[in-house]
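Summary of structural features
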Amino acid sequence: MTASEILIIGLAAAMAGAMNSVAGGGTFFSFPALLAVGVPPVVANASNAVALWPASLSSAWAYRKELARFRKGLAALSLVALVGGIGGGLLLLSTKDDTFSMLIPWLLLVATVMFAGSGRISALLARLRQRADEGPSHGTAGGLLFQLGVSVYGGFFGAGMGIVMIAALAIQGHRDIHDINALKNWLSAIIYSVAVVTFVVAGAVSWPHTLVMIVTAAIGGYWGAVGARKVPAVWLRRFIIGVGSVLTIYYFYKTYLI
């Protein structure tokens, strides 16, 4: 790698780590950076997942106080994330580079639309519940099945996983963005962990690029998680939707119009 390539992927990984801990979608900084320096799409996605793994752990640790409130039902969610992460990782390894490139804008579009509409969907689900005081539905069979789908998505497509995870948790009845971030960071850490094992064993990682990104992503991830508490929830939500919209347009343009 040249010095400029190291600078590009290092800065991109730091931004990705910070964004993933705050809003999700940060891997769209690091993933395109890997593509820009010549790493093939599937290897770039696998390397990106490995690089952001320590950042996901540091982000989860920063939210440990908020996470302590969700001990009930957390074990089931964690198991679902584990199984889904393995399945998604294996699915990625069986996908060709050209096919994966064509899927990128569509996957991001789904993530953005899900989050933008999560408030209305949550309100609809609330009206359908038998008890008005019923809490989040992630402990139900439907909630766990939904989370399984999200986990498979995360293991397959690391970029945008945070946005999809936030949307899924919001749809399941969680209202506070900081509580959602705590759960999202923990479950993302599990998915990244099993994905790392899958990709490393399969030899799908470009280690020179990955090692540079590991360090800067971890720093960015912890900084972002600590700073997120100082940002009003409404602005975080607007920021998430804005990031998802811009990236969706960009990748559709890059994939189908250039």
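Residue indices begin from 1 for each chain and proceed along its sequence in written order. Per-residue local features are limited, in this predicted model, to residues with pLDDT of at least 70; the limit for side-chain atom pairs, both in listing and counting, is 80 or more; totals at the level of whole chains, interfaces and linings are taken over all residues. To obtain the side-chain values, all non-hydrogen atoms of the structure were used and water was disregarded.

What to know about the UniProt feature "transmembrane region" (unreviewed entry) in the chain
- UniProt records the feature "transmembrane region" (unreviewed entry) at residues 74-94, 100-123, 144-170, 190-223 and 235-253, using the numbering of this structure.
- Helix numbering and strand numbering both begin at the N terminus, where a helix is a DSSP run of H or I of at least 4 residues and a strand a DSSP run of E of at least 2. With 95% helix and 0% strand, residues 74-94 has end C-alpha atoms that lie 30 Å from one another.
- When the span residues 190-223 is considered, its composition is 88% helix and 0% strand, and the gap between its end C-alpha atoms is 20 Å. UniProt positions are given in the numbering used here, feature names are shortened, and annotations may be inferred rather than shown by experiment.

What to know about the packing of helix α5 (residues 74-93) against helix α10 (residues 177-202)
- Contact geometry of α5 with α10 gives a least axis separation of 8 Å together with a crossing angle of 35°. You can see that α5 and α10 cross each other, and the crossing is right-handed. Two secondary-structure elements touch here, α5 through L74, L77, S78, A81, L82, G85, I86, G89, L90, L92 and L93 and α10 through L183, W186, L187, I190, I191, V194, T198, F199 and A202.
- In this count, Pro and Cys sit with the nonpolar residues alongside Ala, Val, Leu, Ile, Met, Phe, Trp and Tyr, while Asp, Glu, Lys and Arg are called charged and the others, Gly among them, polar. Among the residues making up the contact of α5 with α10, the classes are represented as 16 nonpolar, 4 polar and no charged. In this description, a line fitted to the C-alpha atoms serves as the axis of each element, helices being fitted only across the stretch in contact, and the angle between N-to-C directions of two axes falls anywhere from 0 to 180 degrees. Take the far helix as the reference: if the near one is turned anticlockwise from it by less than a right angle, the crossing is left-handed, and if turned clockwise, right-handed. Whether two residues are in contact is decided by their heavy atoms: any pair within 4.5 Å suffices.

Some thoughts on the packing of aromatic side chains
- Any Phe, Tyr or Trp ring, taking Trp's six-membered ring, that has another such ring centre within 6.5 Å forms a pair; planes under 30 degrees apart are called stacked, those over 60 apart edge-to-face, and the others tilted. Applying the stated rule across the entire model yields 8 aromatic pairs.
- Between F100 and F156, the ring centres sit 5.7 Å apart and the planes meet at 75°, which makes this aromatic pair edge-to-face. On the criterion of sequence distance, the pair formed by F100 in helix α6 (residues 97-116) and F156 in helix α8 (residues 141-156) is long-range, its members being 56 residues apart. When sorted by exposure, F100 lands in the same class as F156, which is buried. Only protein chains enter the accessibility calculation, which uses a 1.4 Å probe; a residue whose area is less than 20% of its type maximum is buried, one above 50% is exposed, and one in between is partly exposed.

A closer look at a nonpolar patch on the surface
- For patch building, the residue pool is restricted to those with more than 30% relative accessible area and no salt bridge; the joining distance is 9 Å between like charges and 5 Å between nonpolar side chains (Val, Leu, Ile, Met, Phe, Trp, Tyr). All accessible-area figures derive from a Shrake-Rupley calculation using a 1.4 Å probe, and residue coverage is judged against the displayed protein chains alone. A side-chain nitrogen of Lys or Arg and a carboxyl oxygen of Asp or Glu constitute a salt bridge if their distance falls within 4 Å. A surface patch of nonpolar side chains, about 670 Å² in accessible area, is lined by L79, L82, V83, I86, L90, L93, L145 and L148.
- Contributions of two or more residues to the nonpolar patch are made by α5 and α8.
- Residue contributions to the nonpolar patch peak at 6 residues, all from α5.
- Within the element layout of this structure, L90 appears in helix α5.

Some words on the environment of V113
- Tracing the backbone through its elements, the reader meets V113 in helix α6.
- On the basis of relative accessible area, V113 is assigned to the exposed category, the value being 53%.
- Here the alpha-carbon distance between V113 and V164, two residues 51 residues apart in the chain, equals 9.3 Å.

Thoughts on the nonpolar core
- Here, the term nonpolar core denotes a set of buried Ala, Val, Leu, Ile, Met, Phe, Trp, Tyr and Cys residues that are joined through side-chain atoms within 4.5 Å. Membership of the largest hydrophobic core comes to 65 residues, with the highest contact counts inside it found for F28, F100, I104, F157 and F199.
- Among the elements that make up this core, the one with the highest residue count is α10 (10 residues).

Details of the packing of helix α3 (residues 41-62) against α10
- Two elements in contact, α3 and α10, have axes whose closest approach is 8 Å; the angle formed by their N-to-C orientations is 145°. The interaxial crossing formed by α3 with α10 has left-handed handedness. Between α3 and α10, the residues in contact are A46, A49, V50, L52, W53, S56, L57, S59 and A60 and N185, W186, S188, A189, Y192, S193, V196, F199 and V200, respectively.
- Residue composition of the contact of α3 with α10, grouped by class: 13 nonpolar, 5 polar and no charged.

Section: helix α2 (residues 27-36)
- Extensive coverage of α2 is indicated by the burial of 7 of its 10 residues.
- Just beyond α2, the residue with positive phi is G38, at close to 100°.

Regarding the side chain of S47
- Structurally, S47 can be placed in helix α3.
- Excluding its chain neighbours within four sequence positions, the residues that come into contact with S47 are L34, A204, V205, S206 and T210.

What about the environment of L74?
- Topologically, L74 is positioned in helix α5.
- As for L74 and L187, which are separated by 113 residues in sequence, their C-alpha atoms are 9.2 Å apart.
- Setting aside its immediate chain neighbours within four residues, L74 contacts L67, L183 and W186.

Description of the side chain of N48
- For N48, the location among the structural elements is in helix α3.
- For N48, a relative accessible area of 0% corresponds to the buried category.
- Every residue in contact with N48, bar those within four places of it in the chain, is listed here: T27, S30, F31, L34 and M213.

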